[in-house]
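# Commentary on secondary and tertiary structure
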Amino acid sequence: MKAIRPWHFGSVLLLLSLIGLVMGSAVGSTGVSRVWALWQDPLSWQIVWDIRLPRSIGAWVGGALLGLAGALAQGLFRNPLADPYLLGSASGASLGVALGLALLGPSVATGLWLHVGLTGMAFGGAVLAVGLTLVLARGVQHSLRLLLAGVIVGVVLGAVSSLITLLRPEVLQGMQGFVLGSTAFVSWPACGLMLAVLLLCSALAAWLSPLLDALSLGESTTLSLGLPLGPMRVVLVGVLSLATATAVAQLGLIAFVGLVAPHVVRAITHSTHRWGGVLSAGMGGALLLWADVLARAVLAPQELPVGLLTAVLGGVYLLWLMHRNQGQEQGSGGAL
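Residues numbered from 1 in each chain as written. Predicted model: local features only at pLDDT ≥ 70, side-chain atom pairs only at ≥ 80, totals over all residues. Heavy atoms only, no water.

## Examining the overall build of the chain
- Per the secondary structure count, the chain includes 14 helices and two strands.
- For the chain, the proportion of its 336 residues judged to be buried stands at 46%.
- If you take every contact in the chain between residues at least 6 apart in sequence, the share linking residues at least 24 apart comes to 77%.
- A total accessible area of about 16,100 Å² is found for the chain, and carbon and sulfur atoms account for 72% of it. (Helix = DSSP H or I, 4+ residues; strand = E, 2+ residues; numbered from the N terminus. Buried < 20%, exposed > 50% of the residue type's maximum accessible area, 1.4 Å probe, protein only. Contact = heavy atoms within 4.5 Å. Areas by Shrake-Rupley, 256 points an atom, 1.4 Å probe, with all protein chains shown as cover.)

Rendered as structure tokens:
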């Protein structure tokens, strides 16, 4: 397939995102409403402004954070199967939520605690997990050691979370929403926080893009270009961790968005990491936004967990990609 120019693809993503925001404002527990009718009813408009619009914008911004983090992770580890959770942040966030529910009781899963307490516990757990990964890996000098340390931390913290839920089964219901992922409780302050982090991480990712371009050619090439590999890699891990922890703390565990978004971008357009990071963020935002719209509309008034839907869609995409690659390999073998 012929590659599309980056700014053309960016325009398509912008259009899809705008349409998704309109659809997100129109879809609720009663199904799809006529958008123009919402403007005429003050009560309907209040529902749109207080619930649907921040939820849709939060879904886009959270997906953009995961898409950007996925692009950075795949560039850092030079592995197309790397995702934002490889440094253990997802398991750490889950442990933080499990500890919060176990220590303070399942009743904290409602009201202000949902937006402040559990979100803070999830963010703190994610940061702690990344810190443990860095300690085990003895810094960021070796990508393979960093990757293995992240896997170890993820497995161990996941086991601790499972132990907590085993000892305190009453926290299972509170954990369910976090593990499956949800945008239902995103508020305007949460949108503002995620947007501020997205702008900061995008700026730092653009500054780090020469390092990622050089890393794609090997570490020796990076050093020969005179780039400060060590310090820039530290900043890269920090940006990746901050973007992932912020999204996970607000939305829960959203599967496959951070993995699939960079894949789609590379399949459609060939660009440097500067454009790749921006497009991956836009792709991740559009993916999660439309997944959230579908999650609300498919079984309305019942709502599907958006993380469950992204897992299904992401798995189907990766299976299709694997099948296509096998077909191409067989075709090449037959030609030879």
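Structure's up, so let's keep going.
## Here we look at the environment of leucine 132
- Its location among the elements puts leucine 132 in helix α6 (residues 117-137).
- When the C-alpha positions of leucine 132 and valine 153 are compared, they lie 7.0 Å apart, and in sequence the two are 21 residues distant.

## So, the nonpolar core
- Among the nonpolar cores identified, the biggest contains 69 residues, and Leu146 and Ile254 are the most heavily contacted of them.
- No other element matches helix α11 (residues 229-251), which puts twelve residues into this core.
- Apart from the residues within four sequence positions on either side, isoleucine 254 is in contact with Leu66, Tyr85, Gly181, Ser182, Leu288, Val306, Gly307 and Thr310.
- Formed by eleven residues, the second largest nonpolar core is a distinct cluster that contains Leu13, Val265, Ile268 and Tyr317. (Core = buried A, V, L, I, M, F, W, Y, C linked by side-chain atoms within 4.5 Å.)

## Considerations on unusual backbone geometry
- Residues other than glycine seldom take positive phi values, yet arginine 78 does so here, at roughly 50°.
- Summarising the element assignment, arginine 78 is placed in the loop between α3 (42-77) and α4 (89-104).
- A residue is classified by how much of its surface remains accessible, and arginine 78, at 43% relative accessible area, is partly exposed.
- Of note in the backbone geometry, phenylalanine 256 takes a positive phi value of approximately 70° without being a glycine.
- Its location among the elements puts phenylalanine 256 in the loop between α11 and α12 (257-268).

## So, a nonpolar patch on the surface
- Where nonpolar side chains cluster on the molecular surface, the patch consists of Leu136, Ile152, Val156 and Val160 and spans about 330 Å² of accessible area.
- In terms of residue count, helix α7 (residues 143-167) provides more of the nonpolar patch than any other element does, three residues in total. (Patch = residues over 30% accessible without salt bridge, like charges linked within 9 Å, V, L, I, M, F, W, Y side chains within 5 Å. Salt bridge = Lys/Arg side-chain N within 4 Å of Asp/Glu carboxyl O.)

## With respect to helix α9 (residues 188-215)
- Counted at 1.5 Å a residue, the expected span for α9 with its 28 residues is 40 Å, and the 38 Å between its end C-alpha atoms agrees.
- Of all the bends in α9, the greatest reaches close to 45° and is centred on leucine 208; the proline proline 210 follows between one and four positions later. (Expected span 1.5 Å × (residues − 1). Bend = angle between axes of the 7 residues up to and from the residue.)

## Observations concerning the packing of helix α1 (residues 6-26) against helix α13 (residues 273-297)
- For the pair α1 and α13, the least separation of the axes is 9 Å and the interaxial angle reads 25°. With respect to their mutual orientation, α1 and α13 come out roughly parallel. The handedness of the crossing between α1 and α13 is left-handed. Judged by residue contacts, Pro6, Trp7, Phe9, Gly10, Leu13, Leu16, Ser17, Ile19, Gly20, Leu21, Met23 and Gly24 of α1 engage Trp275, Leu279, Gly282, Met283, Ala286, Leu289, Trp290, Val293 and Arg296 from α13.
- Across the contact of α1 with α13, the residue classes break down as 15 nonpolar, five polar and one charged. (Axes fitted to C-alpha atoms, helices over the stretch in contact; angles between N-to-C directions. Parallel < 35°, antiparallel > 145°, perpendicular 65-115°, else oblique. Left-handed = near helix turned anticlockwise from the far one by under 90°. Nonpolar A, V, L, I, M, F, W, Y, C, P; charged D, E, K, R; others polar.)

## Concerning the packing of α4 against α7
- One way to put it is that α4 packs onto α7 with a least axis distance of 8 Å and a crossing angle of 20°. As judged from the angle between their axes, α4 and α7 are roughly parallel. For α4 against α7, the interelement crossing comes out left-handed. On α7, the residues touching Ser91, Gly92, Ser94, Leu95, Ala98, Leu99 and Ala102 of α4 are Gly154, Leu157, Gly158, Val160, Ser161 and Ile164.
- Partitioned by chemical class, the residues of the contact of α4 with α7 number seven nonpolar, six polar and no charged.

## A few points about α1
- The end-to-end C-alpha distance of α1 is 30 Å, a good match for the 30 Å that 21 residues give at a rise of 1.5 Å each.
- Looking only at α1, the buried set comprises Pro6, Phe9, Leu13, Ser17, Gly20, Gly24, Ser25 and Ala26.

## Considerations on the packing of aromatic side chains
- For the coordinates displayed, the defined rule picks out two aromatic pairs.
- Between tryptophan 49 and tryptophan 188, the aromatic rings sit 4.8 Å apart at their centres with planes inclined by 40°, giving tilted as the arrangement. A residue pair is termed long-range when its members are at least 10 positions apart, and tryptophan 49 in helix α3 and tryptophan 188 in helix α9 qualify at 139 residues.
- Between the aromatic rings of tyrosine 317 and tryptophan 320, the centroid separation amounts to 6.0 Å while the plane-to-plane angle is 35°, which identifies the pairing as tilted. One end of the pair, tyrosine 317, and the other, tryptophan 320, are both in helix α14 (residues 306-335), three residues apart, so they sit about a helical turn from each other. (Phe/Tyr/Trp six-rings, centres within 6.5 Å; stacked < 30°, edge-to-face > 60°.)

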